[in-house]
Structure formats: structure tokens, C-alpha cells
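A structural walkthrough
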Amino acid sequence: MDFALTDEQRMLEETLTRLVADQVTPEQRRAMLETPVEGASQLWRTFAELGLLHMPFSEDVGGLGGDGTDLMIIMQALGRGLVPEAYLFGLVMPGQLLALCANPTQQERWLAPLLEGDHQLALAWQEQNARYDAFDISTQASQQEGQWQLNGRKDVVINLDNATATLVNAQLPSGKIGLFIVPANTQGTTVRSYRTMDDQRAGDLTLNNVTLPLENCLSEDAGDALAEVLALGRAALCAQAIGAMETACDQTLAYLKERRQFGLPLATFQSLQHRMVDMHLHLEQSRSMAILAATSLTLPADERDYKIAAAKAYCGESARFIAEQAIQLHGGMGMTDECYVAHYAKHLVMFDHYLGDSDYHLETVSERLDAA
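I will try to describe carefully the structure that is included in this document.

This paragraph deals with the overall build of the chain. The number of helices and strands found in the chain is 11 helices and 10 strands. Since a compact globule built from 372 residues should have a radius of gyration of about 21 Å, the 21 Å found for the chain is in line with a globular shape. Taken along the three principal axes of its C-alpha coordinates, the chain extends 80 × 50 × 40 Å. A buried classification covers 52% of the 372 residues belonging to the chain. Nonlocal contacts in the chain, meaning residues at least 24 apart in sequence, comprise 73% of its contacts between residues at least 6 apart. Considering the chain, the positive charge centre built from 26 side chains and the negative charge centre built from 50 side chains are found 7 Å apart.

This next bit is on the pairing of strand S2 (residues 140–144). Here S2 pairs with strand S3 (residues 147–158) via 5 bridges, running antiparallel. Looking at S3, one finds that Gln143 is bridged to Trp148. Taken together, S2 and the strand that follows it, S3, pair antiparallel across an intervening segment of 2 residues, in which Glu145 is found at a positive phi of about 55°.

Attention now moves to the pairing of strand S1 (residues 121–124). The alternating pattern of S1 places Leu121 and Leu123 on one face and Ala122 and Ala124 on the opposite face, and all of these are buried. In this sheet, strand S4 (residues 165–171) lies alongside S1 in parallel orientation, the contact comprising 4 bridges. Across the sheet, the residue bridging to Ala122 is Thr166, located in S4.

Our focus in this paragraph is the pattern of salt bridges. One pass over the structure, following the stated rule, counts 14 salt bridges. Two residues, Arg80 and Glu13, come together in a salt bridge whose shortest N-O distance is 3.9 Å. Within this pair, whereas Arg80 is found in helix H4 (residues 68–80), its partner Glu13 is found in helix H1 (residues 7–23), the two being separated by 67 residues in sequence. What makes Arg80 partly exposed here is its relative accessible area of 23%.

Our focus in this paragraph is the packing of aromatic side chains. Overall, the coordinates contain 7 aromatic pairs when judged by the stated rule. Consider the rings of Trp44 and Phe47, whose centres lie 6.0 Å apart with planes at 55°: the pair is tilted. Linking Trp44 with Phe47, this pair stays in helix H3 (residues 42–50), spanning 3 residues, or about one helical turn. Taking relative accessible area as the criterion, Trp44 reaches 1% and is therefore assigned buried. Among the residues examined, Phe47 registers a relative accessible area of 1% and is labelled buried. Between Trp148 and Phe180, the ring centres sit 5.0 Å apart and the planes meet at 65°, which makes this aromatic pair edge-to-face. Placement of the pair is Trp148 in strand S3 and Phe180 in strand S5 (residues 177–183), with a sequence separation of 32 residues. The pair Trp148 / Phe180 is uniform in exposure class, with both members buried.

The subject of this paragraph is the nonpolar core. In terms of nonpolar packing, the biggest core is built from 96 residues, with Phe47, Tyr87, Leu91, Leu97, Leu167 and Leu348 touching the most fellow members. Sort the elements by how many residues they give to this core and helix H7 (residues 223–258) lands first, with 19 residues. Excluding anything up to four places from it in sequence, Leu91 contacts Trp44, Leu53, Phe57, Ala86, Gln96, Leu114 and Leu115. If you look at the next biggest cluster of nonpolar residues, it comprises 18 residues, including Ala141, Val157, Val168 and Val182.

Closest axis-to-axis distance for the H4/helix H8 (residues 270–294) pair is 9 Å, and the angle between their directions is 135°. Looking at the two axes, H4 sits oblique to H8. Of the residues in H8, those in contact with Gly68, Met72 and Gln76 of H4 are Arg287, Ala290, Ile291 and Ala294. Split into classes, the residues belonging to the contact of H4 with H8 amount to 4 nonpolar, 2 polar and 1 charged.

The next point concerns the side chain of Ser219. For Ser219, the location among the structural elements is in strand S8 (residues 217–219). Exposure remark for Ser219: the relative accessible area of 15% places this residue in the buried category. For Ser219, the side chain forms a polar contact with the main-chain nitrogen of Asp221, separated by 3.0 Å. Once residues lying within four places of it in the same chain are set aside, the contact partners of Ser219 are Cys101, Ile177, Gly178 and Leu179.

Time to look at unusual backbone geometry. Positive phi outside glycine occurs at Asp199, with the angle close to 75°. Examined against the element boundaries, Asp199 turns out to sit in the loop between strand S6 (189–195) and strand S7 (201–212). Even without being glycine, Leu355 reaches a positive phi, approximately 60°. On the basis of relative accessible area, Leu355 is assigned to the buried category, the value being 2%.

Another point: the state of the cysteines. Throughout the structure, instances matching the rule amount to 0 disulfides. Of all cysteine sulfurs, the one in Cys101 lies closest to Cys217, which takes part in no disulfide; the gap is 9.3 Å. Given a relative accessible area of 11%, Cys217 falls into the buried group. Looking at the unpaired Cys238, the closest cysteine sulfur is the one in Cys315, lying at 4.0 Å. The class for Cys238 is buried, based on a relative accessible area of 0%.

Moving on, we come to the environment of Gln147. Locating Gln147 in the fold gives a position in strand S3. Along the sequence, Gln147 and Ile181 sit 34 residues apart, while their C-alpha atoms lie 13 Å from each other. The residues touching Gln147, leaving out its near neighbours within four places in the chain, are Ser142, Thr211, Leu212 and Leu214.

So, how was this worked out
Residues numbered from 1 in each chain as written. Predicted model: local features only at pLDDT ≥ 70, side-chain atom pairs only at ≥ 80, totals over all residues. Heavy atoms only, no water. Helix = DSSP H or I, 4+ residues; strand = E, 2+ residues; numbered from the N terminus. Rg over C-alpha atoms; globule rule 2.2 N^0.38 Å. Buried < 20%, exposed > 50% of the residue type's maximum accessible area, 1.4 Å probe, protein only. Contact = heavy atoms within 4.5 Å. Lys, Arg positive; Asp, Glu negative; His and termini not counted. Charge placed at Lys NZ, Arg CZ, Asp CG, Glu CD. Pairing = 2+ DSSP bridges. Salt bridge = Lys/Arg side-chain N within 4 Å of Asp/Glu carboxyl O. Phe/Tyr/Trp six-rings, centres within 6.5 Å; stacked < 30°, edge-to-face > 60°. Core = buried A, V, L, I, M, F, W, Y, C linked by side-chain atoms within 4.5 Å. Axes fitted to C-alpha atoms, helices over the stretch in contact; angles between N-to-C directions. Parallel < 35°, antiparallel > 145°, perpendicular 65-115°, else oblique. Nonpolar A, V, L, I, M, F, W, Y, C, P; charged D, E, K, R; others polar. Polar contact = N/O pair within 3.5 Å; in protein donor to acceptor, adjacent residues only side chain to side chain. Disulfide = S-S within 2.5 Å.

Read these as spatial facts, not as claims about activity.
What follows is the structure, given as C-alpha cells:
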């Protein structure tokens, strides 16, 4: 199979690589993280001008019709620079749910401005006792006097503070999964904000008798759409992790070439060379799995979920391995905030937990193999 990029894809990769190198240096990234959330950042507006916000969406909803490979290119570039913008969690995943579930009026209200960069959204699907299972839901929704009423709690909602509205899945009396859009500061919502270990803005969302008009229900049977979007998110995360692993390997090798011990560069010691080889083996094997995930998005649901689960599990294990090796080969300084590889290590450790960790996805693979 030919995995070579097209001319347009190579141009996209080169443009993004230059953009990230110019606008997301370590100092600029630290400044972005310290800046309070006040609408779209300059970098997000640049994304909009370049069409990156339209890229992952079909032409039917105003996008550019990008496929899994296009999204992989974007996410790899964002991973290389540890770009702090919530491209996946604030744009791609909630936007794709709107594209799949919303009617034209709802898309005009919420999706069109999202693609133009006028606002960002969030997706609240994870619950405390569900262990990454989006269909083990305690949040309840029911109709009361011509309106929807929601009660429950969602945890680790990425980009919650910066979202104009949040998409929430809930259990309906029919037994199906409903999908609702909850505007920010809706009466009855409580937000507890915090930062994840890798500096992502996140929060817990509590819904206490939240009342919504009927038009805020995007779907009363959103199970298949939610599964499709979670698969897309996991494939995109694998690609982002590849970018971060690449940079962690490059920074570690550069340090070994520069740092001297006993009058010689550390890179000349054979035992350390072997460890660098192991890091690159994990990187290249993970790259293959990320390509598998990106090219599996159009497969039937069972096969898609099986292959993407395998990719997410393997990339998660490799990410932790590369993070640990990068820290150890840098020595004590690798644990400091001033050593930039520490930020990549934290991101790679957290990557394994976003949208399901290795153990969770290995169970999915194991169940599929047992059934076969």
C-alpha cells in the first residue's frame, strides 16, 4: 500500500510545520498558557484564515472535505509543537457530532460559527464511575412540560472554560442516548475548573435540574454518532502523540550529543545508543499504528473500533515508554519545568488517558479476538 502524501498534503504539512515553529516556541507556548481565556487567540484566528478549522469537515456542512490522513497531518504538527489550542476537543469532536446529529437550523446556529473561528465548543461524555465507557451513563434527561430537564455530572471536560456551549450525552427514558447542547452559564450548571497534568484546560460539569428548550436536543438516538466521533478522536490523538514522540526523541538525541561525561559525548556510549534505538523503534511502530487508525475511519463500525483500539493501546504504551526514557536520559534536569522535554513527557503520559487508556482498549481488542 502506498502511504506517500499527495502534493496538497505535503503542502499542508510544510505550512503547518512552519507555522508551529514560528508561533509556538517554548516561550510563546508558556505565554499562551498563562494568558486568561478571552475569546479566540491570535493563533486560532490564524488557523481560521488558513482553512484549518474547515479542513476536517465534509463539504456538505461547509468544510473542505479532509479525510483521516489530512487530520493526521494536522494533529502530528500540533503534537510536535505541543500547541495548547483545543483543536481536537474544542473543534473536531463536537463539530463532527453537530455534523452528524444536528438539523440545518442547529448547524447554522452552532456549527457554522465554529468553523469560522467565532467560538469553540466542548464535549462532555465522560463520567466518574464509567471508566471511559461513553455508554455507561448516569446522567439522565427527560421531558418536563415541553422542555428537557438534565441531571448528572460529567468529568474531565476539556476546553470547558473556553466553550460557548457544551455537548452533553444523557440517558433517555427510552433507553437510548440523547445528545444535548448546553450553553455556557445555563442556570443549574456548576463548573469546577482545573488544569490537567499536561496543562490542558478542563473542568467537571454538574447538571442540577438544567432546563433546556426542545431545540437544544440534537438527537434522541446519538449512540452510533457518538461512537464514530470517539473513534475519530482516538485516531487523531494517536497522530498527535506521534508528533510529540518525534520531538521528544529528537530533543533527547540532541542532548546526548551535547552532554559530555568522562570527556566524551553521552551519545558515544553504546548502552545509551541502544536505548535511543529502542525509543525510535517504538516511535516507528507507533507511526504505523497511527496510520492504521487514520485509514480505518471509513470501515464498518466493529472493524473500525477494533483497529483503532489496537492503535490507541499500542501508541499509549509507546508514549509512556518514550516519556520515561527521555526523562531518564536527561537525568535530573529532565524533571524540571525549564527542561522542555519534561512538557512532552507529561503530554505523552496524559495522552494514554485521553479517550481511554491502554488497559481499556486492550480489553476491546481481547473481546474482539475472543469473539472471533
